[in-house]
Amino acid sequence: MKKGIIMLLAAALGLSACNKFEKGDGDMTYKIYKSEGKPKIQDGDYVKLNGVQTVETNTNPDSVMVNTYDNERPAFFAISKSMFKGDLASGLKLLGEGDSAVFKLNLDSMEKYSGQPKPKGLKSNIASFTIKIEKVLHKGKDADSIFEAKKRLFFEAEYKALNEKNKTVEPAKIAKYVADNGLKVTTAPSGLQYVISAPGNSERATLTDTVLMDYTGQFTNKKSNGALNVFDTSDAKIAKEAGIFSESVQYVPRSLPLGQLPQGVIQGIQLIGVGGKIKMILPSRLGFGENGGGPINPFTPLVFDVELKGIIKPNAAAPLAK
C-alpha cells in the first residue's frame, strides 16, 4: 500500500494529518488524528476497532500485514495489561470511543514478548498501526463473571448487526462487480452467475470425481490499494500480487474432490470440460452461507476463476486429460 492510500484512508475517517508524532511509552511514537473526548480505554475494557497494520520492506514502503477494511471485518479486542512498554495495548489506552490514531511500534519488542516472528525482508524495525475505535464496552467495577456476560451480549449484538448488513448489501455487491468488470453473465436457476471463456472438451466431472484445476478465489470488493481481494489461489504470481504468498504453499494445479467444494463451484465446474475456463460469481447461499468460514464473512458473495486441467475418476491413477 502506498503512503497516499494510507492518507486516503485517514481522510475517509475524517482524520487530520497535521499533528506531529509524539513520544509514548518505551519506543512507541503516536499521532492522534481525532479525539471525541470520551472516557479513555482502561485495562479490562472490550473494544471494537478497525485498523491497518503496515511495515516497511525492501520492496514496499507500506506493506500491509492486516487491513480490517479490506476484510470488512472489525476486530474485537480485550484490553489487558501491557506486555511491554510501548505495545499496542498501551497505545489504545490513549484513545476513547470514536477516536483515531496511528501508532509506530518496535518489531523487536513485539517479537520478543509475543513470540510472533518478524516479517522477512524488512527495511525498518517499525510497524505502523492506523486505528479507529468504533465502540468501547467499559468494565468499570463489574465483577469478571458479570462483565464476561456483557462482553458476550455485546459481541453477539455487533456480529448480528454486521451479518444483517452483509445480507442486505449482498445483491448490490454482486451487481457492482458485474458492472465494474463489464461482464456478460449467464445466470443459472440456482442464482449462480458465470462466464465461460473456454468450454473445454466434452468430458464432464461427476460428484464422485476429483478435479485437477488452477483457480483463484476472491471477494467482490477490491482492496483499498486497488488490488484484487484474493483469499486463495493456486497461482504464485497472483498470490504475490495479492500479498498472500507463502513459501510453505506449493502453487500448482490442485486435486480436489468435486463433491466437497462449495455448491456454486460444483455447478460451475460441471459446465466445462478439461481445458475449460470459467468465472463464477457465487451468492453466499452457494458459497459459505450465513455462517461464513475462515476469512469469509457470513452472507459474502465470492468470485472463482477456474481452469479445469483434468478429471480423475475414482481409483484412477491419472487425470483424463485430452
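Along each chain, numbering runs from 1 in the same order as the chain's sequence is written. Only residues with pLDDT of at least 70 are given local features in this predicted model, and only at 80 or more are side-chain atom pairs given and counted; all residues enter the totals for whole chains, interfaces and linings. In computing side-chain properties, one takes all heavy atoms of the structure into account and sets aside hydrogens as well as water.

The name that an unreviewed UniProt entry assigns to the chain is peptidylprolyl isomerase, with the source organism given as Pedobacter miscanthi. UniProt positions are given in the numbering used here, feature names are shortened, and annotations may be inferred rather than shown by experiment. The annotation that UniProt attaches to the chain under Catalytic activity (unreviewed entry) is "[protein]-peptidylproline (omega=180) = [protein]-peptidylproline (omega=0)". Listed under Sequence similarities (unreviewed entry) in UniProt, the entry text for the chain is "Belongs to the FKBP-type PPIase family."

Attention shifts here to the pattern of salt bridges. Salt-bridge detection follows one rule: a side-chain nitrogen of Lys or Arg within 4 Å of a carboxyl oxygen of Asp or Glu. On inspection of all chains with the given rule, the structure shows 18 salt bridges. Between Asp-108 and Lys-118 there is a salt bridge; the shortest N-O distance is 2.8 Å. Linking Asp-108 in helix α4 (residues 107-114) with Lys-118 in the loop between α4 and β7 (122-137), this pair joins segments that are 10 residues apart in sequence. Residue exposure (1.4 Å probe, protein chains only): buried if accessible area is under 20% of the type maximum, exposed if over 50%, otherwise partly exposed. For Asp-108, a relative accessible area of 38% corresponds to the partly exposed category. Here the salt bridges share partners, and the residues they tie into one network are Lys-48, Lys-135 and Glu-158. Think of it this way: any DSSP run of H or I at least four residues long counts as a helix, any run of E at least two long counts as a strand, and we number them from the N terminus.

In this entry, domain limits derive from an automatic or database-based domain assignment. The domains assigned to the chain are domain 1 (22-141) and domain 2 (170-312). Inter-centroid distance (C-alpha atoms) of domain 1 to domain 2 is 34 Å. Residue contacts follow a heavy-atom distance rule, with two residues in contact if any of their heavy atoms lie within 4.5 Å. Contact residues are listed per partner, giving 5 residues for domain 1 and 10 residues for domain 2. Buried area: the accessible area, evaluated with a 1.4 Å probe, that two parts lose upon being put together, summed over both parts. Broken down residue by residue, the surface that domain 1 buries against domain 2 is led by Asp-70, Glu-72 and Arg-73, which jointly contribute 78%. On the surface where domain 1 and domain 2 come into contact, there are 1 salt bridge.

Attention shifts here to the packing of aromatic side chains. Any Phe, Tyr or Trp ring, taking Trp's six-membered ring, that has another such ring centre within 6.5 Å forms a pair; planes under 30 degrees apart are called stacked, those over 60 apart edge-to-face, and the others tilted. In the structure shown here, the tally under the stated rule is 10 aromatic pairs. Between Tyr-46 and Phe-154 the ring centres are 5.9 Å apart and the planes differ by 75 degrees, which places this aromatic pair in the edge-to-face class. Of this pair, Tyr-46 sits in strand β3 (residues 46-57) while Phe-154 is found in helix α5 (residues 144-180), placing the two residues 108 residues apart along the sequence. Residue Tyr-46 is classed as buried on the basis of its relative accessible area of 11%. Considering the side-chain rings of Phe-231 and Phe-304, the 5.9 Å spacing of their centres and the 90 degrees angle between planes classify their relative orientation as edge-to-face. Of this pair, Phe-231 sits in strand β11 (residues 230-233) while Phe-304 sits in strand β14 (residues 302-312), placing them 73 residues apart in sequence.

Its location among the elements puts Lys-93 in the loop between α3 (88-92) and β6 (100-106). The partly exposed category is assigned to Lys-93, whose relative accessible area is 21%. Linking Lys-93 and Ile-311, residues 218 residues apart in sequence, is a C-alpha distance of 56 Å. If we skip the residues at most four places from it in the chain, Lys-93 touches Lys-40, Ile-41, Asp-43, Ile-79, Ser-80, Lys-81 and Ser-82. Each polar contact in these results corresponds to two N or O atoms within 3.5 Å; when the atoms are within protein, one needs to be able to donate a hydrogen and the other to accept it, and residues that are neighboring in sequence are counted only if both atoms are side-chain atoms. Within polar-contact distance, the side chain of Lys-93 engages the backbone oxygen of Ser-80 at 3.3 Å.

Further remarks concern the layout of surface pockets. The method works on a 1 Å grid over the protein atoms by themselves. A cavity is a set of points holding a 1.4 Å probe that cannot get out, a pocket is an open set with protein on both sides within 12 Å along at least five of seven lines, and residues with an atom within 4 Å of a point line them. Grid points are joined across faces, edges and corners, and a volume is the space filled by probe spheres set on the points. Looking at the largest pocket, its volume works out to about 1400 Å³. As for the largest pocket, its lining consists of 37 residues, of which Ser-63, Val-64, Gly-243, Ile-244 and Phe-245 are closest to the centre. Mapped by element, the contributors of at least two residues to the lining of the largest pocket are β4 (63-67), α2 (68-71), β11 and α6 (236-242). If you tally residues by element for the lining of the largest pocket, the top one is β4, at 5 residues. For this classification, Asp, Glu, Lys and Arg are treated as charged, while Ala, Val, Leu, Ile, Met, Phe, Trp, Tyr, Cys and Pro are nonpolar and the rest, including Gly, are polar. Classifying every residue of the lining of the largest pocket by side-chain character gives 15 nonpolar, 14 polar and 8 charged. Here the second largest pocket defines a volume of roughly 690 Å³. If you trace the second largest pocket, you find 29 residues lining it, with Gln-53, Leu-88, Met-110, Gln-116 and Phe-129 closest to the centre.

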